[in-house]
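Close look at the chain arrangement
So you can see what is in the structure, the chains are spelled out below.
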Amino acid sequence: MTNLDVLAVNETAADLAGFVFAPSRHQIQLAQALSLKAQLNPNIQTVGVFVHEDFATIKALYDAGAIDIAQLHGATDPVLVQRLQAVGLRVIQVFQNKAIDATSPADYLMVDSGQGSGQTLAWKPLPQLEKPVILAGGLTATNVAEAIVITQPDIVDVSSGVESAGHKDPQKISAFVENAKGVRI
Ligand SMILES: O=C(O)c1ccccc1NCC(=O)[C@H](O)[C@H](O)COP(=O)(O)O
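Numbers given for residues are sequential positions, taken from 1 along each chain in its written order. Per-residue local features of the predicted model are confined to residues with pLDDT of at least 70, and side-chain atom pairs are confined, for both listing and counting, to 80 or more; whole-chain, interface and lining totals are unaffected and use all residues. Derived side-chain values reflect all non-hydrogen atoms in the structure, with water molecules and hydrogen atoms excluded from consideration.

Under an unreviewed UniProt entry, the protein has the name N-(5'-phosphoribosyl)anthranilate isomerase and belongs to Agrilactobacillus composti DSM 18527 = JCM 14202. Note on the protein: under the UniProt heading Sequence similarities (unreviewed entry), the record states "Belongs to the TrpF family." UniProt positions are given in the numbering used here, feature names are shortened, and annotations may be inferred rather than shown by experiment. As recorded by UniProt, the Catalytic activity (unreviewed entry) comment attached to the protein reads in full: "N-(5-phospho-beta-D-ribosyl)anthranilate = 1-(2-carboxyphenylamino)-1-deoxy-D-ribulose 5-phosphate".

Given below as structure tokens:
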């Protein structure tokens, strides 16, 4: 995420914004995350995105005020989830191309096709659980309404589907949020 991306997100009714700390074309470091968070609408919470990250690294980003929620990709140890929760973080556990494990202690359970890959999942109804379920993977302003109707998620997540030329596109973000929030299920 860049300064321009923050301005784009601020103009929408998005609930969450992702800061990727995993190696990726989207990767940012602590200093940039703090700068971006300072410019972000305070009503928008920040999700730190990690792949196989350790407790101390995630906690340091939380303690510094950069993130409100940790999104964990890869094989996730329930003990790590519980340690993060114990210091105050909420945790999203990602199930990539596999079924949700409803016994996970995470606060949110997410299905995804990849790690910002833009690939669409084979949509089917998601389990209706006590905790929020998130749908990700290849969503766009054009397909998000259909995806919500079929899968019935509590939250949707998007990355490449709201980008143009590798940068977040304000018009695509606005259209995505409008179309997602406009669905009645
Ligand atoms: O987006 C990344 O660069 C990334 C890198 C490493 C791990 C996860 C990453 N993104 C995770 C996300 O939550 C994406 O929003 C999600 O995979 C959906 O992406 P897309 O299919 O491009 O909408």
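A run of H or I in DSSP counts as a helix once it spans at least four residues, and a run of E counts as a strand once it spans at least two, with each numbered from the N terminus. When you go through the protein residue by residue, the secondary structure sums to six helices and nine strands. Here the protein has a C-alpha radius of gyration of 15 Å; the compact-globule value for 185 residues is 16 Å, and the two agree. Based on the C-alpha atoms only, the size of the protein along its principal axes is roughly 40 × 40 × 25 Å. When the accessible surface of the protein is summed, it comes to about 9200 Å², and 52% of that surface belongs to carbon and sulfur atoms. When the 12 basic and 18 acidic side-chain charges of the protein are each reduced to a single mean position, those positions are 1 Å apart. Within these notes, the globule rule equals 2.2 Å times the number of residues to the 0.38 power, and the radius of gyration is based on C-alpha atoms. Accessible surface area values rest on a Shrake-Rupley calculation with a 1.4 Å probe, where residue burial reflects the displayed protein chains alone. Charged residues are defined narrowly, with Lys and Arg counted positive, Asp and Glu counted negative, and His plus the chain ends left uncounted. The location of each charge is read from NZ of Lys, CZ of Arg, CG of Asp or CD of Glu.

Attention now goes to the UniProt feature "domain: N-(5'phosphoribosyl) anthranilate isomerase (PRAI)" (unreviewed entry) in the protein. UniProt feature "domain: N-(5'phosphoribosyl) anthranilate isomerase (PRAI)" (unreviewed entry): in the numbering of this structure it lies at residues 5–179. Taken end to end, residues 5–179 is 30% helix and 22% strand, and its first and last C-alpha atoms sit 20 Å apart.

Glancing now at the site of the ligand. Each residue is tested against the molecule or strand, and it is near if at least one of its non-hydrogen atoms lies within 4 Å. In the vicinity of the ligand, 21 residues are found, and the nearest of them are Ser24, His26, Asp112, Asp157 and Ser160. Between the ligand and the protein, one listed contact pairs an oxygen atom with a side-chain N or O atom of glutamine 71 at 2.8 Å. Residue assignment for the shell around the ligand shows that the elements contributing at least two residues are strand S2 (45–51), strand S3 (69–73) and strand S5 (108–112). Residues are sorted three ways: Asp, Glu, Lys and Arg are charged, Ala, Val, Leu, Ile, Met, Phe, Trp, Tyr, Cys and Pro are nonpolar, and all the rest, Gly among them, are polar. Partitioning the shell around the ligand into residue classes produces six nonpolar, 13 polar and two charged. Any pair of N or O atoms that falls within 3.5 Å is considered a polar contact. Within protein, one atom must be able to donate a hydrogen and the other to accept it, and sequence-neighbouring residues count only if both atoms are side-chain atoms.

In this section: the environment of tyrosine 62. Along the polypeptide, tyrosine 62 turns up in helix H3 (residues 55–63). Think of it in three bands: residues with accessible area under 20% of the maximum for their type are buried, residues over 50% are exposed, and the middle band is partly exposed, with areas taken using a 1.4 Å probe on protein chains only. By relative accessible area, which is 23% here, tyrosine 62 ends up partly exposed. Each C-alpha atom of the pair tyrosine 62 and leucine 84 lies 9.4 Å from the other, and the pair is 22 residues apart in sequence. Ignoring any residue separated from it by four or fewer positions in sequence, one finds tyrosine 62 in contact with Ile67, Val87, Gly88 and Leu89. Here, residues are in contact when the closest pair of their heavy atoms is within 4.5 Å.

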